[in-house]
Amino acid sequence: MSKFVAVVGNPNVGKTTLFNSLTGLALVTANYPGVTVERKVGRMQLEGEPVYLIDLPGTYSLSARSPDEMIVADVLLSQQKGEEPVDLILAVVDASNLERNLYLVTQLLELGKPLLIALNMCDLAERHGVAIDYAQLEQVLGAPVVPVCAHKRVGIDALRASLQNLLQGQTAAPKPLVTFSEQFCESVRDLHAELNQKQAVIGRRVSLFEALRVLADRGGYAEQRLVDALGEPFRDKLNDYRLRAAQDGAVAAEESITRFKTIRRILDRCVRVSPKRQDMFSERLDSFLTHPILGLVFFVLVMSIMFQSIYNAAAPVVAWIDAGLSLLVQGIDNVLPQGVLRSLLVDGCIAGVGSVLAFLPQIVVLTLFIALLEDCGYMARAAFLMDKFLFRCGLSGHSFIPLLSSFACAIPGIMATRTISDRRDRFVTILVAPLISCSARLPVYSVMIAAFVPNTPVLGGFVRLQGLTLLLMYALGILLAAPMAWLFKKTILPGAPPPFLLELPSYKLPQMRTVVFKVYRQGKEFLKRAGTLIFALTVVTWALAYFPPLSSNVEAVYENQRREIEQTFPDGDEREVRLAQLERDESRARLENSFLGRAGRSLAFLFKPLGWDWRIGVATLSSFPAREVVVATLGIIFNIENPEDESNEGLVSALRQAKRPDGSPLFTVSVALSLMVFFALCCQCGGTLIIIQRETNSWRWPAFTFAYMTALAYIGAFVVFRIGNWFENMAPH
Amino acid sequence: MSDKDLTQFAAGTDLTVSHVAGDGPVANRLREIGMIPGARLRVVRQGSPMIVQLGNSRFCLRGQEAALVKVQTAESVQGAEAKFSPVESPGTCLF
Ligand SMILES: Nc1nc2c(ncn2[C@@H]2O[C@H](COP(=O)(O)OP(=O)(O)OP(=O)(O)O)[C@@H](O)[C@H]2O)c(=O)[nH]1
Ligand SMILES: [Mg+2]
């Protein structure tokens, strides 16, 4: 019989860290409250028996108001459908904040399940001058207490031993500690009795603890679920119960105050606080980093350094990958004869998937920065600083972490919105999250910037133009997300700005393990996508660009011309140049004749206002399922066009050499910018749309997201091209 | 004696909570993190959002939420701690 253990605790107390030490499974941890938003299960072996650990989102109490708190309540009350009941609760408690942490513990004691308490952050407690009598605490709470230090893996063996003990024996559940007033208890019991009479209508048995939650959490999740089952009039009845339970019906206040009274009594017996040395380090840092002006300056500085590094630090590695790919192409050229197979490998796979792969280093640098900032505790400060700004858009600092995660990828970003309790604020955040420039846009920006933006130093040499352009592209997403959020909050999802209450963790040195795992996971995810989805789309695009072949009549014309050149020019440079030119012409004709070319040319009118020709348009269309594909498609299109590109500088030079039919360069700076802006604003990501559907439980929202972003992208690209074009025409050549 | 709220004190002030007003979700959450009568607070940064120190943790909250937290300066409540002293509670066990 396999056993299930739920890991529960306040936000940011080290649940995931402990979970990882126990299971060895790498889950993402961060020094930011509310990082675990989805229930994750890991496996550990205890004496050969498998034990499943469930890592739950952090919560201050079992009164559920946001979706992630509902997950906790559901798992603990065993109300997840089709799920094994939890055999044991592993409560993770922050020893340096015992009073607040024990609040949840007093609730857990009432669930009638065996409980094991892991007292984490013992190092911090010691530093704060908190001395805990563990044996005494264990006795008072009536549940085993194991001191641990999760991030240093201290006490893990003892914890395993305790787990083993509790899971093997027929452990009785511990006794509840908190006692409530006479009328309070009576009212809850009466409600419980009534609910059990209505068992048939509700469809299940309601526990006494759930009855308490229904009563205490006015407008909460438990109440809503019952009202859904029993009808709206039941709400009034609940209010009667509340009036009976506490003065003015303030059940929640009565509950929390009573609990804390008990906790004070416990602490008096088990904890001695010596005149505490404050966390002077965090305090000093905070007086600077949360300063309304200096803090913002620092924030902008950090972000600039981050984007500068994405470009500069990753550049050499990107160059190596490109060089490696060129070698590979030469190798294939030597081995394989000209033909379909060679074209598939060189023009399809390498030019396609290869050009996407070359961006791995940049994605690693970006994730590395985010992981470092999260783990050292800075992110919560950034959320604090950004709250003022988000407040103006009708959101709160709680939306910051989902939006920031979206810089890596909108999918985890959208999942992270579960910590937002208000439905409308959550939906608005979901709607604008895909506007934030994710790492999949990086390849597009990179190629365009490398090809068409000069790398001249600007602003006194502090930054270079390429890095600055990249920063601006990223800024564009944010600058548009803000007014869009404001607009949605005013129109389709109206409501007051949500409350904002966030814990600021102490600063600490980032944990190497955590950071490396996070970067590794993101990198792996990227490679997996490149190897599967992107690869498949690339092969399809290549086939569409390769077939059908030119008709034999046309082939014959080119063949004749070739023979003519060979006869007229016996040898020498002239002959080589002319032959190469002919080959390029033939390739272009082949591309224009292909399925892709035909489709592109018939849709050319759509792209013309944006300054694009049909080739750019086709590349964009092909990347609607996944935006990175555009780089691959551009690679395929321009590689097919330039079969004898001996310089082999890859896509960048191919794009620079691309010409319009009249011989002028295809890409000007304004065309490049218009393409970048389109990609910055468009929702070209099937995965994002699917996750929006899952999180909002309706197809309306993904459809809406897709529509508004596509419109925004088209308008944005149009405006940028027009303005850029005007400047280019003004400037002397 | 009318209570002032958290927004009315400068950074660096030590305060004692007298109560959190209201029975809505935000008021409840504030109580659940420990803002109950007698709890000690310190204003770290004033404004909206503001930062307060509560025990060994820091929270940031907006003016709107902070206005729910009614407080007194630490000196003016020397005796108030008694209100919350560890007398054995008389209540009955619910479970
Ligand atoms: N000083 C100290 N830090 C720790 C300890 N255990 C974990 N941490 C750090 O605390 C931070 C939070 O850890 P997580 O494991 O993400 O916390 P969590 O409880 O899963 O957080 P949520 O899922 O957001 O609720 C990380 O930066 C850890 O490295 C410990 O014993 N001592
Ligand atoms: Mg976690």
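Presented here is an overview of the structure given in this document.

## A closer look at the overall build of chain B
The helix and strand tally for chain B stands at 2 helices and 7 strands. Helices and strands in chain B line up, N terminus first, as β-β-α-β-β-β-α-β-β. Counting every position in chain B, which comprises 95 residues, the buried fraction comes to 53%. Counting contacts in chain B only where the partners sit at least 6 residues apart, residues at least 24 apart contribute 62% of the total. For chain B, the accessible area works out to roughly 3,900 Å², and carbon and sulfur atoms hold 56% of it.

## Focus: the overall build of chain A
Of regular secondary structure, chain A possesses 34 helices and 12 strands. Expressed as lengths along the three principal axes of its C-alpha atoms, the size of chain A is roughly 110 × 55 × 55 Å. Counting all 733 residues of chain A, 55% fall into the buried class. About 31,100 Å² of surface is accessible on chain A, with carbon and sulfur atoms providing 61% of the total. One way to put it: in chain A the 71 positive side-chain charges average out to a point 5 Å from where the 68 negative ones average out.

## Brief notes about the pairing of strand 1 (residues 3-9) of chain A
Residues and elements named next belong to chain A. Burial within strand 1 is extensive, with 6 of its 7 residues counted as buried. Judged from the 5 bridges that link them, strand 1 and strand 3 (residues 49-55) form a sheet pairing that is parallel. Bridged to A6 within strand 3 is I54. Of the strand pairs in this sheet, strand 1 and strand 4 (residues 88-94) are connected by 5 bridges, and their pairing is parallel.

## Quick look at the pairing of strand 3 (residues 40-45) of chain B
Residue and element names in this part refer to chain B. Pairing of strand 2 (residues 14-20) with strand 3, which is carried by 3 bridges, proceeds in the antiparallel orientation. Within strand 3, the position partnered with T16 by the bridge is R40. Bridge count for strand 3 against strand 4 (residues 50-54) is 4 bridges, and the pairing is antiparallel. Bridged to R45 within strand 4 is I51.

## Quick word on the sheet that holds strand 6 (residues 69-73) of chain B
Pairing is antiparallel across the open sheet formed by 7 strands, whose spatial order is 12(A)-5(B)-4(B)-3(B)-2(B)-6(B)-1(B). In this open sheet, the two strands that pair with only one neighbour each are strand 12 (501-504) of chain A together with strand 1 (4-5) of chain B.

## Remarks on the environment of A:L471
Residue and element names in this part refer to chain A. By secondary structure assignment, the location of L471 is in helix 23 (residues 465-490). For L471, a relative accessible area of 26% corresponds to the partly exposed category. Separated by 111 residues in the primary sequence, L471 and L360 have C-alpha atoms spaced 19 Å apart. Residues contacting L471, with those up to four places away along its chain left out, are M303, S304 and F307.

## Description of the packing of helix 3 (residues 98-108) of chain A against helix 12 (residues 251-270) of chain A
All names here are of chain A. For the pair helix 3 and helix 12, interaxial distance at closest approach is 9 Å and the crossing angle is 115°. Relative to helix 12, the crossing made by helix 3 is right-handed. For the pair helix 3 and helix 12, contact is made by L98, E99, R100, L102, Y103, T106 and Q107 and by E255, S256, R259, F260, I263, R264 and L267, respectively.

## A word on the sheet that holds strand 3 of chain A
Strand pairing in a sheet relies on backbone hydrogen bonds. The paired strands run either parallel or antiparallel. Residues and elements named next belong to chain A. Taken in spatial order, the 6 strands line up as 2-3-1-4-5-7 in an open sheet, and their pairing is mixed. With one partner strand each, in any of the chains shown, strand 2 (40-46) and strand 7 (145-147) form the two edges of the open sheet. Put simply, the sheet's adjacent strands are angled 25° from each other on average, direction ignored. Helix-sheet contacts for helix 2 (residues 67-76) involve strand 1, strand 3 and strand 4, and the interaxial angle to strand 1 is about 140°. Each of strand 1, strand 2, strand 3, strand 4, strand 5 (115-120) and strand 7 is contacted by helix 6 (residues 156-168), which is oriented at about 85° to strand 2, the strand it contacts most.

## Brief notes about helix 15 (residues 315-335) of chain A
Residue and element names in this part refer to chain A. When the terminal C-alpha atoms of helix 15 are compared, their 31 Å separation across 21 residues agrees well with the 30 Å that a helix rising 1.5 Å per residue should span. Here helix 15 has its buried residues at V318, S326, V329 and I332. Looking down the long axis of helix 15, one finds its buried residues gathered within 125° of arc, a one-sided arrangement. For helix 15, the exposed residues lying more than 90 degrees away from the buried face are W320, L327, N334 and V335.

## Quick notes on unusual backbone geometry
Residue A:F547 is joined to A:P548 through a cis peptide bond whose omega torsion reads -10°. Take A:P548: it is sitting in the loop between helix 24 (512-546) and helix 25 (552-568). With an omega of 0°, the peptide bond running from B:S48 to B:P49 counts as cis. Relative to the elements of secondary structure, B:P49 occurs in the loop between strand 3 and strand 4. In this model, A:D248 sits at a positive phi of 60°, which is unusual for a non-glycine residue.

## Quick word on the environment of A:Y134
All names here are of chain A. Among the structural elements, Y134 can be located in helix 5 (residues 134-141). The class of Y134 is partly exposed, set by a relative accessible area of 32%. When the C-alpha positions of Y134 and P147 are compared, they lie 7.7 Å apart, and in sequence the two are 13 residues distant.

Thresholds applied
Residues numbered from 1 in each chain as written. Chains lettered and ligands numbered in written order. Predicted model: local features only at pLDDT ≥ 70, side-chain atom pairs only at ≥ 80, totals over all residues. Heavy atoms only, no water. Helix = DSSP H or I, 4+ residues; strand = E, 2+ residues; numbered from the N terminus. Buried < 20%, exposed > 50% of the residue type's maximum accessible area, 1.4 Å probe, protein only. Contact = heavy atoms within 4.5 Å. Areas by Shrake-Rupley, 256 points an atom, 1.4 Å probe, with all protein chains shown as cover. Lys, Arg positive; Asp, Glu negative; His and termini not counted. Charge placed at Lys NZ, Arg CZ, Asp CG, Glu CD. Pairing = 2+ DSSP bridges. Axes fitted to C-alpha atoms, helices over the stretch in contact; angles between N-to-C directions. Left-handed = near helix turned anticlockwise from the far one by under 90°. Expected span 1.5 Å × (residues − 1). Arc of directions from axis to C-beta.

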